[in-house]
Amino acid sequence: MSQCLSLNEKKSQKCFEDLNCFETCGKNQVCTIFYRNMTGELQPGFAGCWEKEGKGFCNPDHLTHIDCHLRHKGKHNGIDSFMCCCTGNRCNKNLIQNATLMTPTPSTSTETTLMTELPKHPESKTLQYSIPPVICSIFVVIALLYFWKRHKQRIPSGHPLIPYQPPTPIITKPLQWDRVVNVGQFGCVWKATYNNNEVAVKIIQAHEKSSWITEKTMYQYNLVHDNILKFYSAEKRLSDSNMIQYWIVTQYHANGSLADYLSSNTLDWTLMLQLAISMTQGIAYLHEEIMTETIRKPIIAHRDIKSRNVLVRDNLTCCISDFGSACQFSENTDKEEIKGQVGTKRYMAPEVLEGAVAFQTESYKSIDCYSLSLILWELLSRCDTGQVPAEPVYQLPFEAEVGTNPTLEELRACVSEQGMRPKLKAGWTRDPKVTELCNTIEEGWDKEGDARLSAPGVLQRLKELQLAAEGGEVNPTQATRINIPPYGDGDSTLGGNSTGVSFLSGSTSSCGKEPLIVDLS
């Protein structure tokens, strides 16, 4: 049975303030929510479970699933009323305001008493049967005015209710578009200005909606950290060609991705460690569970760690971006939802290439750590260690072995069957500090997931190297290793046909010109 957001005159103040009270629906019920336009602003009134076939209420043609699309239902005492009905779990909390649907039509523009059409709700049966519908409508208006004045529950006109904890800003002023800075199969990324701040707007096409849903969901888990890309908003918009677009608005970083930075810059040992440590801190934070009175963050596996999803900030530290493939691990995690091969082929761990991933939290964390080790190799290859110069041309992992556009089968043969890894230069082993980093890299990309270093273990090694570079000595330690049972013990393996999305050059029809902002939210 699904749940619905529940609001009525008997609910507490906190329900109206947090929109976080729910009730369980019956078999033939759907979720609904009722709003009135009070002094130019929408104010929530009643919400909950209602009979699917209520008279003039939930039109079967207007039922939605994940989101709840507000429609104009009429006027009472000169006040416009809006309602929506949907079938998904807690869907009436995901409010979508579409100007077209909310515009009065000839059939809804006349004065109507909307509340007389409502199905009988369990918590209001006595009231509905004991007084005439007209008196009931007057009571509703009085109650709404009372809650409006008391709670000041404000919803910006034309923008969505996005269930983030804590609440996140919503784009309410025009964006000043600059240029396209990235293009991929998902869509494109624009540089723009909002409130005098530079932002990045990732415009995701409709067929990648699931990625947008996943990313905005991940950001609700208190992903606030120096080494996690700063998030501003998730928006649903309509393009100039009347196509639905999904936006993720984040902080903009002029240096671009780590892959971009390494393509045009070589590193010294100090800068290489600085980039490596900050990147690893971001991954370690994702892999950490934090459950306090104020913060509830589950373990999160990124599942698409690569140098293009690591951004370089102005202070030359890194932050992790792009959570469209991520998953969280808690008691509510649905195993069926995270099956399959996801990520970028080049960075897939052997077990992912083989389609043999054990459904265990540590298994998915170790997959991220394998990818992390490949990026550490990228950093080291472009580093002048003092004894070994940096590679003159930046290369991706396995580019020397399988080229720039390998197939899944080629990578499976190279990585899994032949056990190949990117080459470590012979000269690196003549320098104790570089030898220690090489050992860390090799322990991170081990074929067996349970033998790999964890992100905190890698971070510990890197910080010791940084300390040594500042005047101490390299002191190898027994860093934390991931501990998972052998594959096949209890949990079934996961597989699939999807190979993830790699970066593409070029352009798409949606990225050729400045987006037309038509708000669907």
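Keep in mind that this is a model prediction, so the values were computed, not measured.

> Kindly report on the overall build of the chain, identifying the contributing residues and their values.
Counting secondary structure elements, the chain contains 12 helices and 24 strands. Buried residues in the chain amount to 51% of all 521 residues. Taking contacts inside the chain between residues at least 6 apart in sequence as the whole, the part at least 24 apart equals 68%. As displayed, the chain has an accessible area near 23700 Å², and 50% of this comes from carbon and sulfur atoms.

> Just give me the short version of the packing of helix α11 (residues 432-444) against helix α12 (residues 455-469), but keep the residues and values in it.
Any two packed helices are characterised by how steeply their axes cross, that is the angle between the axes, and by the distance between the axes. Contact geometry for α11 and α12: axes closest at 10 Å, N-to-C directions at 175 degrees. What the angle tells us is that α11 and α12 run roughly antiparallel. Two secondary-structure elements touch here, α11 through K433, E436, L437, N439, T440 and E443 and α12 through V458, R461, L462 and L465. Here the contact of α11 with α12 is built from residues that sort into 4 nonpolar, 2 polar and 4 charged.

> I'd like a description of the packing of aromatic side chains, backed by residues and values.
The final tally for this structure, using the stated rule, is 6 aromatic pairs. Summarising the aromatic geometry, the rings of W177 and W247 are spaced 5.4 Å apart at their centres and angled 85 degrees between planes, so their arrangement reads as edge-to-face. Residue W177 is located in strand β9 (residues 176-184), and its partner W247 is located in strand β13 (residues 244-251); the two are separated by 70 residues in the primary sequence. Take W247: its relative accessible area is 0%, and that puts it in the buried class.

> Account for the state of the cysteines, with residues named and values stated.
One pass over the structure, following the stated rule, counts 4 disulfides. The disulfide partner of C4 is C31, and the gap between their sulfur atoms is 1.8 Å. Here C4 and C31 share a disulfide; its torsion about the S-S bond, -85 degrees, makes the bridge left-handed. Here C4 is found in strand β1 (residues 3-5), whereas its partner C31 is found in strand β3 (residues 29-38), with 27 residues between them in sequence.

> Go over the environment of N195, please, and point to the residues and values.
On the secondary structure map, N195 appears in the loop between β10 (187-194) and β11 (197-205). Linking N195 and P174, residues 21 residues apart in sequence, is a C-alpha distance of 8.7 Å.

> Go over the pairing of β9 with me, naming the residues and quoting the values.
As paired strands, β9 and β10 are joined by 7 bridges and run antiparallel to one another. Note that in β10 the partner of Q176 across the bridge is T193. Counting the residues between successive antiparallel strands, the hairpin from β9 to β10 contains 2 residues.

> Go over helix α10 (residues 408-417) with me, naming the residues and quoting the values.
Among all positions of α10, only L408, L411, C414, V415 and S416 are buried. Looking straight down α10, one finds that the buried residues subtend no more than 165 degrees of arc, so they occupy a single side. Across α10 from its buried face, at more than 90 degrees, point the exposed residues E409 and E417. On its buried face, α10 sits against α7 (350-353), α8 (361-381) and α9 (399-402). In the stretch just after α10, G419 is the one whose phi turns positive, near 65 degrees.

> Give a detailed account of the pairing of β10, specifying residues and quantitative values.
Each regular strand displays side chains that alternate between the two surfaces of the sheet. Among the 8 residues in β10, 7 count as buried, and that is most of the element. Pairing between β10 and β11: 8 bridges, direction antiparallel. Among the inter-strand pairings, V189 is bridged to a residue of β11, identified as K202. Connecting β10 to the next strand, β11, in antiparallel fashion are 2 residues, including N195 with a positive phi near 55 degrees.

> Please provide a residue-by-residue account of the pattern of salt bridges, values included.
Oppositely charged side chains can pair when the atoms bearing their charge come close. One pass over the structure, following the stated rule, counts 14 salt bridges. Across the pair E235 and R237 runs a salt bridge whose closest N-O atoms are separated by 2.9 Å. As far as burial versus exposure is concerned, E235 and R237 are alike and both buried.

> Outline the nonpolar core, listing residues and values.
Inside soluble globular proteins, nonpolar side chains tend to come together where they are buried. Core analysis: the biggest nonpolar cluster contains 86 residues, and L258, M279 and L379 have the highest contact counts within it. Of the residues that make up this core, three or more belong to each of domain 2 (166-252) and domain 3 (256-470). The contact partners of M279, leaving out residues within four places of it in the chain, are L258, V310, C318, I320, L372, I375, L376 and L379. If you look at the next biggest cluster of nonpolar residues, it comprises 20 residues, including C4, C31, F82 and L95.

> Describe the side chain of S321, and please don't skip the residues or the numbers.
Relative to the helices and strands, S321 resides in the loop between β19 (318-320) and β20 (327-329). Taking relative accessible area as the criterion, S321 reaches 7% and is therefore assigned buried. Residues in contact with S321, not counting those within four places in the same chain, are L229, H302, N309, V310 and L311.

> Give a description of the packing of helix α6 (residues 269-286) against α12 that names residues and reports values.
The contact between α6 and α12 brings their axes to 9 Å, and the two run at 155 degrees. In terms of orientation, α6 and α12 fall into the roughly antiparallel class. The chirality of how α6 crosses α12 is left-handed. Where α6 approaches α12, its residues W269, L273, A276, I277, T280, Q281, I283 and A284 are matched on the opposing element by A455, P456, V458, L459, L462, K463, L465, Q466 and A469. Tallied by class, residues from the contact of α6 with α12 come to 13 nonpolar, 3 polar and 1 charged.

> Would you mind going over the environment of I277 in detail, with residue names and values included?
Residue position: I277 is located in helix α6. In the structure, I277 is positioned 184 residues away from R461 in sequence and 9.5 Å away in space, judged by C-alpha atoms. Sequence-distant contacts of I277, defined by excluding residues within four places in its chain, comprise L459, L462, K463 and Q466.

> Which residues make up the environment of G88, and what are the values?
Turning to its location among the elements, G88 is positioned in the loop between β7 (79-86) and β8 (95-96). For the pair G88 and H65, spaced 23 residues apart in sequence, the C-alpha separation works out to 4.7 Å. Once you skip the residues sitting within four places of it in the chain, G88 turns out to touch Q3, C31 and H65.

> Describe the confidence of the model for the chain, naming the residues involved and giving the relevant values.
Taken residue by residue, the chain gives an average pLDDT of 78. The fraction at 70 or more is 71%. Confidence over residues 107-129 falls short of pLDDT 50; this stretch has 51 contacts with residues more than four positions distant or in other chains.

What counts and what doesn't
- Residues numbered from 1 in each chain as written.
- Predicted model: local features only at pLDDT ≥ 70, side-chain atom pairs only at ≥ 80, totals over all residues.
- Heavy atoms only, no water.
- Helix = DSSP H or I, 4+ residues; strand = E, 2+ residues; numbered from the N terminus.
- Buried < 20%, exposed > 50% of the residue type's maximum accessible area, 1.4 Å probe, protein only.
- Contact = heavy atoms within 4.5 Å.
- Areas by Shrake-Rupley, 256 points an atom, 1.4 Å probe, with all protein chains shown as cover.
- Axes fitted to C-alpha atoms, helices over the stretch in contact; angles between N-to-C directions.
- Parallel < 35°, antiparallel > 145°, perpendicular 65-115°, else oblique.
- Nonpolar A, V, L, I, M, F, W, Y, C, P; charged D, E, K, R; others polar.
- Phe/Tyr/Trp six-rings, centres within 6.5 Å; stacked < 30°, edge-to-face > 60°.
- Disulfide = S-S within 2.5 Å.
- Pairing = 2+ DSSP bridges.
- Arc of directions from axis to C-beta.
- Salt bridge = Lys/Arg side-chain N within 4 Å of Asp/Glu carboxyl O.
- Core = buried A, V, L, I, M, F, W, Y, C linked by side-chain atoms within 4.5 Å.
- Domains from an automatic or database assignment.
- Left-handed = near helix turned anticlockwise from the far one by under 90°.
- pLDDT = per-residue confidence, 0-100.

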